[in-house]
Amino acid sequence: MQVLIAEDDRASRRLLEKAVASLGYEVISVDDGLAAWNVLRQNDVRLVIADWEMPNMNGLSLCRRIRAGVLPRYVFVILLTSKTSREDIIEGLEAGADDYLTKPFNRAELSARLRTGLRVVELELELQAKNEILEDLNTRLERMALTDPLMEVGNRRGLYDTLDRLHGPTDNSDCGYSLIMVDVDHFKFYNDTYGHAAGDSALKNVSSAIKRCLRSNDGVFRYGGEEIVVYLPSADIDAASEVANRLCKAVSELGIPHTSSSTQVLTISCGVASRPRHSNEKQSWEDILSLADGALYEAKTAGRNRVAVA
Ligand SMILES: [Mg+2]
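Residues numbered from 1 in each chain as written. Predicted model: local features only at pLDDT ≥ 70, side-chain atom pairs only at ≥ 80, totals over all residues. Heavy atoms only, no water.

Engineer: Sorry, what's going on with the domain arrangement of the chain here?
Structural biologist: Where interface size is quoted, it is often the accessible area lost as the parts come together. One can read the domain layout of the chain as domain 1 (2–137) and domain 2 (153–309). Measuring from the centre of the C-alpha atoms in domain 1 to the corresponding centre in domain 2 gives 62 Å. (Domains from an automatic or database assignment.)

This is the structure:
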């Protein structure tokens, strides 16, 4: 562990350097407060012994600067002083010193005070490492909470979060988007015929095929059992229905056998709805979603494996 010594008196500095080094610490030493501050800004030094009276920046000002919060880590400061009055010591502690050492220093006392500092620094390092682990876990949990593990797309909460965030006020010219509500045709029959494991695997293949048809900034979300919602930012109704037709084609081309289907393969139906740019209507995203759902119903009643537009 490195210890920064800031002391203008040459003899006293030499004594300190020797004593600190003999206790097993690596020593960096400077002869004024400003030089000490420059070392702290550029190096990951966490233990400081600073003299009170120094040119350029005294020990108290150095303490205050260390505590001002610019440094990304905790620095343990021992103030070195020939002042022994209670008021002086309080002033030093209030400036942000963690501890103090009176001159001439006693080696055993120096050793004990440095050990205290080391303990504090090590605790802080440990805490920092634990915080990093927690932050990482939080990010993963957040992602998990918004993801569907089977389809590896967003879940319903992820959809709601996205729409809450991106729906925007009606006078925003960039908030136009389209939604495609997708449903796998006769999926209950598929599960009944081929079993749930095959059903899961079919859903996975369908969602992969859908993802392959989309741009990287489009959103895919599992809405329910075999229902998927596709979010297309800044796509108008024509562009969106074109995408929906591509989705239908891509899924039927997977050629997943399905005897209850008129085409003998697994297919999807799509309902498309748009929120136009410069929309003056007071539509909520729930309204758009419900329009897409209505269109999906039309696609189903019109014979499935097709696209209907709201
Ligand atoms: Mg001095």
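Back to the write-up after that little detour.
Engineer: Mind showing me how you'd approach the nonpolar core here?
Structural biologist: Across soluble globular proteins, nonpolar side chains show a tendency to be buried alongside one another. One finds Ile180, Val182, Ile210, Val230, Leu247 and Ile268 to be the most contacted residues of the largest nonpolar core, which totals 29 residues. Going through the elements one at a time, strand 8 (177–184), helix 7 (187–194), helix 8 (196–212), strand 10 (227–233), helix 9 (237–252) and strand 11 (268–275) are the ones with two or more residues in this core. At 6 residues, helix 9 tops the list of elements feeding residues into this core. Residue contacts for Leu247: discarding those within four places in its chain leaves Ile180, Val182, Ile210, Cys213, Leu214, Val230 and Ile268. Core analysis: the next-biggest nonpolar cluster, separate from the first, contains 23 residues, Val39, Trp52, Met54 and Ala97 among them. (Core = buried A, V, L, I, M, F, W, Y, C linked by side-chain atoms within 4.5 Å. Buried < 20%, exposed > 50% of the residue type's maximum accessible area, 1.4 Å probe, protein only. Helix = DSSP H or I, 4+ residues; strand = E, 2+ residues; numbered from the N terminus. Contact = heavy atoms within 4.5 Å.)

Engineer: How should the pattern of salt bridges be read in this particular structure?
Structural biologist: Any two side chains of opposite charge can pair if their charged atoms end up close together. Scanning all chains against the criterion turns up 18 salt bridges. Asp136 serves as the salt-bridge partner of Arg140, at 3.5 Å between the closest nitrogen and oxygen. Here the residue Arg140 and the residue Asp136 both occupy positions in helix 5 (residues 107–145), the gap between them amounting to 4 residues, near one helical turn. Take Arg140: its relative accessible area is 45%, and that puts it in the partly exposed class. Within the structure, one salt-bridge network assembled from shared partners comprises Asp44, Arg46, Arg73 and Glu124. (Salt bridge = Lys/Arg side-chain N within 4 Å of Asp/Glu carboxyl O.)

Engineer: Honestly, the coordination of the magnesium ion in this entry has me stumped. Any pointers?
Structural biologist: For a metal bound by four donors in a tetrahedral arrangement, the ideal donor-metal-donor angle is 109.5 degrees, while six donors in an octahedral arrangement ideally sit at 90 or 180 degrees. Of the protein atoms, only Asp8 (OD), Asp51 (OD) and Glu53 (O) coordinate the magnesium ion, at distances of 2.0 to 2.2 Å. Residue Asp8 is classed as partly exposed on the basis of its relative accessible area, which comes to 33%. (Donors = N, O, S within 2.8 Å, 3.2 Å for Na, K, Ca; no water.)

Engineer: Is there a simple way to think about helix 1 (residues 10–22) in this case?
Structural biologist: A turn of α-helix holds 3.6 residues, and therefore any two residues three or four places apart point the same way. The end-to-end C-alpha distance of helix 1 is 18 Å, a good match for the 18 Å that 13 residues give at a rise of 1.5 Å each. Looking only at helix 1, the buried set comprises Ser12, Arg13, Leu16, Glu17, Ala19 and Val20. Those residues of helix 1 that are buried are in contact with strand 1 (2–6), strand 2 (26–30), strand 3 (47–51), strand 4 (76–81) and helix 5. Trailing helix 1 by a residue or two, Gly24 shows a phi angle of about 95 degrees, which is positive. (Expected span 1.5 Å × (residues − 1).)

Engineer: How do you make sense of a negative patch on the surface when you look at a structure like this?
Structural biologist: Where like charges cluster on the molecular surface, the negative patch consists of Asp161, Asp164, Glu286 and Asp287. Of all the secondary structure elements, the ones that give two or more residues to the negative patch are helix 6 (156–166) and helix 10 (285–301). Turning to its location among the elements, Glu286 is positioned in helix 10. (Patch = residues over 30% accessible without salt bridge, like charges linked within 9 Å, V, L, I, M, F, W, Y side chains within 5 Å. Areas by Shrake-Rupley, 256 points an atom, 1.4 Å probe, with all protein chains shown as cover. Lys, Arg positive; Asp, Glu negative; His and termini not counted. Charge placed at Lys NZ, Arg CZ, Asp CG, Glu CD.)

Engineer: Where do I start with the sheet that holds strand 2 in this structure?
Structural biologist: Consider a sheet: its strands pair through backbone hydrogen bonds, and that pairing is either parallel or antiparallel. Judged by pairing direction, the sheet is parallel, and its 5 strands sit side by side in the order 2-1-3-4-5 without closing on themselves. In this open sheet, the two strands that pair with only one neighbour each are strand 2 and strand 5 (99–102). Between one strand and the next, the sheet's axes are offset by a mean angle of 20 degrees, whatever the strand orientation. In the sheet, strand 4 pairs with strand 5 via 4 bridges, with the strands oriented parallel. Along strand 5, the bridge assignment pairs Ile78 with Asp99. Along the sheet, helix 1 makes contact with strand 1, strand 2, strand 3 and strand 4, crossing strand 2 at roughly 165 degrees. Contacts from helix 5 reach strand 1, strand 3, strand 4 and strand 5, with the element oriented near 160 degrees to strand 4. (Pairing = 2+ DSSP bridges. Axes fitted to C-alpha atoms, helices over the stretch in contact; angles between N-to-C directions.)

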